[in-house]
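Chain and residue survey
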Amino acid sequence: MTSSDDGYVHDPNAFDEDGSRVEDADAGDETESDDAWLEQPVHPENADREFGRRGWILVGVIVMAFIVAPGLILLTPPDTSYLFALLILPLVPALLLAATAVWATTRP
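Residues numbered from 1 in each chain as written. Predicted model: local features only at pLDDT ≥ 70, side-chain atom pairs only at ≥ 80, totals over all residues. Heavy atoms only, no water.

**Quick look at the overall build of the protein chain**
Scanning the protein chain from terminus to terminus reveals four helices and zero strands. When the helices and strands of the protein chain are listed from N to C terminus, the series reads α-α-α-α. Here the contacts in the protein chain between residues at least 6 apart in sequence split such that 56% fall between residues at least 24 apart. Roughly 9300 Å² of accessible area belongs to the protein chain as shown, and the carbon and sulfur atoms make up 61% of that amount. (Helix = DSSP H or I, 4+ residues; strand = E, 2+ residues; numbered from the N terminus. Contact = heavy atoms within 4.5 Å. Areas by Shrake-Rupley, 256 points an atom, 1.4 Å probe, with all protein chains shown as cover.)

Okay, structure coming up:
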């Protein structure tokens, strides 16, 4: 297996003495648009990141998973088996927290 079999080939001639990429005429618009963010990246303070509704829903689920659900299990223990009360019952808020965290951190 050679290095060209996996699709990546390092071309030292694509860079000048300073380490900057040399523009090729046959590179096309795709390379220019892909490399544009490298030349002028967006500062983190200018990025569209707001806490918003998704953040507050996530905070609510965290409070429910770490305070409300364990408190309910402690104060009103279910009349079921040990396995269900201490392992399966806390799993429901944990799964809800995991799903909410993934939903809250992905941007539409």
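**A look at helix 2 (residues 52–75)**
Along its 24 residues, helix 2 runs 33 Å from first to last C-alpha, staying within 8% of the 34 Å computed at 1.5 Å per residue. The largest bend in helix 2 is about 40°, located at Met64. Of all the residues in helix 2, the buried ones are Arg54, Gly55, Leu58, Val61, Ala65, Ala69 and Ile73. (Expected span 1.5 Å × (residues − 1). Bend = angle between axes of the 7 residues up to and from the residue. Buried < 20%, exposed > 50% of the residue type's maximum accessible area, 1.4 Å probe, protein only.)

**Topic: the nonpolar core**
Counting residues in each nonpolar core, the largest one holds five residues, listed as Leu58, Val61, Ala65, Leu97 and Ala104. Secondary-structure elements contributing two or more residues to this core are helix 2 and helix 4 (91–105). Top contributing element to this core by residue count: helix 2, with three residues. Those residues in contact with Ala65 that sit more than four places away from it in its chain are Pro70, Pro93 and Leu97. (Core = buried A, V, L, I, M, F, W, Y, C linked by side-chain atoms within 4.5 Å.)

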